[in-house]
Every structure is written in structure tokens, then in C-alpha cells.
Amino acid sequence: MAKKKSVFVCQECGYDSPKWVGKCPGCGAWNTMVEEIIKSDIRHGLSLELKGENHTPQLLSEISLTKTPRFSTGSPELDRVLGGGVIPGSLVLMVGDPGVGKSSLNLRVCAYAARDRKVLYVTGEESLQQIRMRAERINALSDTMKVFSETDMERINMQIEREKPDLLVIDSIQTIFRPDIQSAPGSVSQVRECAVELLRIAKSMAIAVFIIGHVTKDGTLAGPRVLEHIVDTVLYFEGERNAQFRILRAIKNRFGSTNEIGLFEMRDVGLVDVPDASKLFLSETVIDSGITIAPTVEGTRPLLVEIQALVASTPYIPPRRTSDCVDIKRIQLLLAVLEKRLNLSIGACDVYVKIAGGIKIDEPACDLALCVALASSFMNKAVKEKTVIFGEVGLSGEVRAVNGADIRVKEACKLGFTNIVIPQKNVKVVGKMQKAKIFGVNNVREALKAAL
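Residues numbered from 1 in each chain as written. Predicted model: local features only at pLDDT ≥ 70, side-chain atom pairs only at ≥ 80, totals over all residues. Heavy atoms only, no water.

Caption draft 1: Seen up close, the overall build of the chain. Helix and strand counts for the chain come out as twelve helices and 21 strands. The proportion of buried residues among the 452 residues of the chain is 50%. For the chain, the computed accessible surface area is about 22,500 Å², with 51% contributed by carbon and sulfur atoms. (Helix = DSSP H or I, 4+ residues; strand = E, 2+ residues; numbered from the N terminus. Buried < 20%, exposed > 50% of the residue type's maximum accessible area, 1.4 Å probe, protein only. Areas by Shrake-Rupley, 256 points an atom, 1.4 Å probe, with all protein chains shown as cover.)

See below:
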């Protein structure tokens, strides 16, 4: 018989210990150590037999550069995040909160790819009847796509060898298990070993594999962090379950940029691409104090967002600073600049900041718009109509130049904004825009005079 040994593995980070401990030494989580019996003959290595590859060392300068073949998913937003489409032999991990639309989006992708490719959809959470009902609801019925309901990795491997699909979807990795590992499905050992097996299948058979993963209550990936290192691409869905819009962001991408985002809208037919999100985010804009419009850039895509700030006096000490879309430390820094450089007694007030649509922004180019929104709410004076503001703010109150000023201004002009407040150093780059008045400012005080 194969020799067995027992170890205690943390279900949060994958740290293993020969004995049980209450607090994980790896991540500091409490009561996450679970006993797992692991056979000593399990192979943790990975043998990749790539098609057409010469298994000998080659000189870097002699490696031929051929264009990597890609095929479309049928969703322009998903293609943008992936870097232009799906690459055969790639392993993609898609995670998000329950009900965010992961399964619906992958089912739609499978239905589109099944037109001219072999597709196998493996589900471990739902029955075949449930998959058929969802396909009818989101208009993703296909006469060529095959669906397989199974959780045993060995049986799934047999079907893959028999079908030889071009696209494989696993829904979800937490339900798949290997019978030779004595631990429950979803545990660290099961998730890690199943992911390694799927990586071997993807590379050896040149199959594009999409893995759906769950997240924990605190929003992190359920399972070991090593899973993110195994796959080629990690896609995260952002947005509340009851919110209208979803943002798909690439945290890791070996075949493209991680700066691009995909925007989707949840409807009765599932997730629908949003090609022009700026109009939707600004469709309910109200001219009132504390509201400004700022153009942000995600990768190569400009996006106009509405920044809402509320500054109110409070008897409580210390005053509250609340925001789910902007870093609190950035807000505190900008509040200190306004109080020191503009003599605004804003430090004793509660401050609440929100971005319409739930989009999170973290680039410095939105600093100036945040400052104007905070000052506008504090002075109870609205920003001029059809005004767009962007620029980076320094500690002395100066406004610094930002990258991509030209595409930000073009997007604002396309949507009908006529007053644009930008850093003075970016005026030459922007040039003259039709039907738009450019205000170049050097500090926050000048920006307030131009915007209010």
C-alpha cells in the first residue's frame, strides 16, 4: 500500500503544518487548519508536451516569432480584457461574487464558439436541465455545444481525451475533485491538484480552458493563492450583485495588458456588453453642489465618471471619512491640501465620497475633480454646467500634468462638454478642440475659480 501521511493545511493560504495550530503562521487566520491525508506517491510535478515544440534548450535569438492565433469569444468587452481574444492552450481563471454572471457569460461564450469549434462545458454545480433552462433564457442555445455534468477529474479527463474540444469550461473548480486525494472537494489540495491537471491538459492538447472560481466572504479567491500563479490569466468581476453594471478586470494576463477593463450590464438575458459606458454613467447627472465629472483612463479606454461628495458638519470627534470607490488615504490627503492651501475649515466635517455606478478609481488624474467636488459641497456652490475636470494635485496645491490628456478631452467633447479644466502643462498637448473651452490651471485655487 502507498504510504499515507497526515498534514494540517490552511484553507485560506495553503500553508501546511505537521500539527494543528489555532492561528495560521502563513496568513494569520484563525481556525482554518484542516487535517488532510496525502499519499506519498502523488505526483506534484508537471510534464508539458507541447505540440510542435522541440524539447531541447534553444538560443533566445533563434526562437521564431509567430503571431499567436486567437479566436473571438463573441463579446467585444471580454476580448478587450483578454488582449484580443482567446489563445489556444491558455488557462483562464474567472472569479466573482455569487450571482455576478460568471456562468451566464461563459455559457454565452461557449454558444458563440460552438459555431465553428468543438466546445465542452463541464458543470459540477448544476444539472443538465438547469443549464438548458439558462441557455434558453439568455439566448445561448447551440446544436453543437456539448455539456457534461461531472465532478470526478478522472472521468472529465477521459471525456476530454475522447472529445478533444477546442474550448473547455469548468464550472466550478471548487466542485471538481481527484479520487486519489483524501480530502473534500474545494480544499486546498483538491483545488491545487485539479488546477495543475487542467494546466497539463491545456498545454499538451492546445485547449483553451476557462475555470470558474468562487470568492470568500471578504472578496478573496476561495482556495490557495498558488492557483493564481498556475493559470495564465486571472479575471475578476467587480460590482455588487444587485447593481446594474459589472466590471471585468484582468489582475494577471500573460498574453496582454492588465490595464484594460470590460463593462457589462445585467439584464434579463444575462450580461450584455456596454460599448459606450460614459453615456450610461452620466445619463442621470444632476447639477448640484458636490458633483463633478472626471475623465479616467483604463488602459487605452477613456471613461467619464461622476464624482459625488458630501461634506457636512458633525458634533462627533473624530469626523467620519467614508468611501467605497476612492482610497480613504487619498481623500484625507486632499482634505489636508484644501484646509492648508485654501483655508477651508473642512477638517471638522464628515466627508462622504461616491462614484456613480460603483466604479472604483485610483489614478492621480482624478485628484483635481475630487478637490473641486469637496470644495463645492463645503461651500454649497454647484460646478458650472457641462464642465469636466482632471489633473494631479500635489501637497503644495499645485496641479501637475497627467498622461492621456488628449484622449480624455476628446471623450469629453464627444459627449457634449464645453468647459474643460486641465493642468496648464497639458494645454499644448491638447491643442484647440472644437466647441470646447480649455482652462489651463496651475493650482487648486485657479481650478475652483474656473469651475465654480
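Caption draft 2: Quick peek at the pattern of salt bridges. As enumerated under the stated definition, the model contains 19 salt bridges in all. A salt bridge links Glu363 to Arg408; the shortest N-O distance between them is 3.1 Å. Here Glu363 is found in the loop between β16 (349–355) and α9 (367–379), whereas its partner Arg408 is found in helix α10 (residues 405–414), with 45 residues between them in sequence. Across the pair Glu411 and Lys414 runs a salt bridge, and its minimum N-O distance is 3.4 Å. With Glu411 and Lys414 both in helix α10, this residue pair falls three residues apart, about one helical turn. Ionic contacts of the salt-bridge type, sharing partners, join the residues Arg178, Asp180, Arg192 and Glu193 into one network. (Salt bridge = Lys/Arg side-chain N within 4 Å of Asp/Glu carboxyl O.)

Caption draft 3: Fine view of empty space enclosed by the protein. Applying the stated rule across the entire model yields two cavities of 30 Å³ or more. Of the voids in this model, the largest cavity is the one considered here, and its volume is about 60 Å³. If you go around the largest cavity, the residues you meet are Arg70, Leu82, Gly85, Val86, Ile87, Ser90, Val92, Thr233, Asn253 and Phe255. For the lining of the largest cavity, the class distribution of residues is five nonpolar, four polar and one charged. (1 Å grid on protein atoms, 1.4 Å probe; cavity = no way out; pocket = protein on both sides within 12 Å on 5 of 7 lines; lining within 4 Å. Points joined across faces, edges and corners; volume = space filled by probe spheres on them. Nonpolar A, V, L, I, M, F, W, Y, C, P; charged D, E, K, R; others polar.)

Caption draft 4: How the structure looks around the sheet that holds strand β9 (residues 233–238). Judged by pairing direction, the sheet is mixed, and its nine strands sit side by side in the order β6-β5-β7-β8-β4-β9-β10-β11-β12 without closing on themselves. Either end of the sheet is taken by a strand with one partner, and the two such strands are β6 (146–149) and β12 (270–273). With strand direction ignored, the average angle separating the axes of adjacent strands in the sheet is 25°. Sheet topology note: the strand β11 (residues 261–267)/β12 ladder contains four bridges and is antiparallel. From the neighbouring strand, Glu265 faces β12, where its bridge partner is Val272. Each of β5 (119–123), β6 and β12 touches helix α3 (residues 128–137); the most contacted strand, β6, lies at about 140° to it. (Pairing = 2+ DSSP bridges. Axes fitted to C-alpha atoms, helices over the stretch in contact; angles between N-to-C directions. Contact = heavy atoms within 4.5 Å.)

Caption draft 5: Up close: helix α2 (residues 102–113). The terminal C-alpha atoms of α2, which comprises twelve residues, lie 17 Å apart, in line with the 16 Å expected from a rise of 1.5 Å per residue. Within α2, ten of the twelve residues are buried, leaving the element largely enclosed by the surrounding structure. For α2, every residue scored as buried is listed here: Lys102, Ser103, Ser104, Leu105, Asn106, Leu107, Val109, Cys110, Ala111 and Ala113. (Expected span 1.5 Å × (residues − 1).)

Caption draft 6: Main features of unusual backbone geometry. In this structure, Ser172 follows Asp171 across a cis peptide bond, with omega equal to 5°. With respect to the element layout, Ser172 can be found in the loop between β7 (167–171) and α5 (188–205). Residue Ile317 is joined to Pro318 through a cis peptide bond whose omega torsion reads 0°. In this fold, Pro318 is placed in the loop between β14 (301–313) and β15 (321–323).

Caption draft 7: Up close: the nonpolar core. In this structure, Ile307, Leu368 and Leu374 are the most contacted members of the largest nonpolar core, which totals 49 residues. Those elements that place two or more of their residues in this core are β10 (245–253), β11, β14, α8 (328–341), β16, α9 and α12 (444–451). A total of eight residues in this core trace back to one element, the largest contributor, which is α9. Excluding residues that lie within four positions of it along the chain, Leu368 makes contacts with Ile389, Phe390, Gly391, Val393, Val399, Val421, Val441, Val444 and Ala447. Ranked by size, the runner-up nonpolar core spans 33 residues in total, among them Val81, Val100, Ala114 and Ala140. (Core = buried A, V, L, I, M, F, W, Y, C linked by side-chain atoms within 4.5 Å.)

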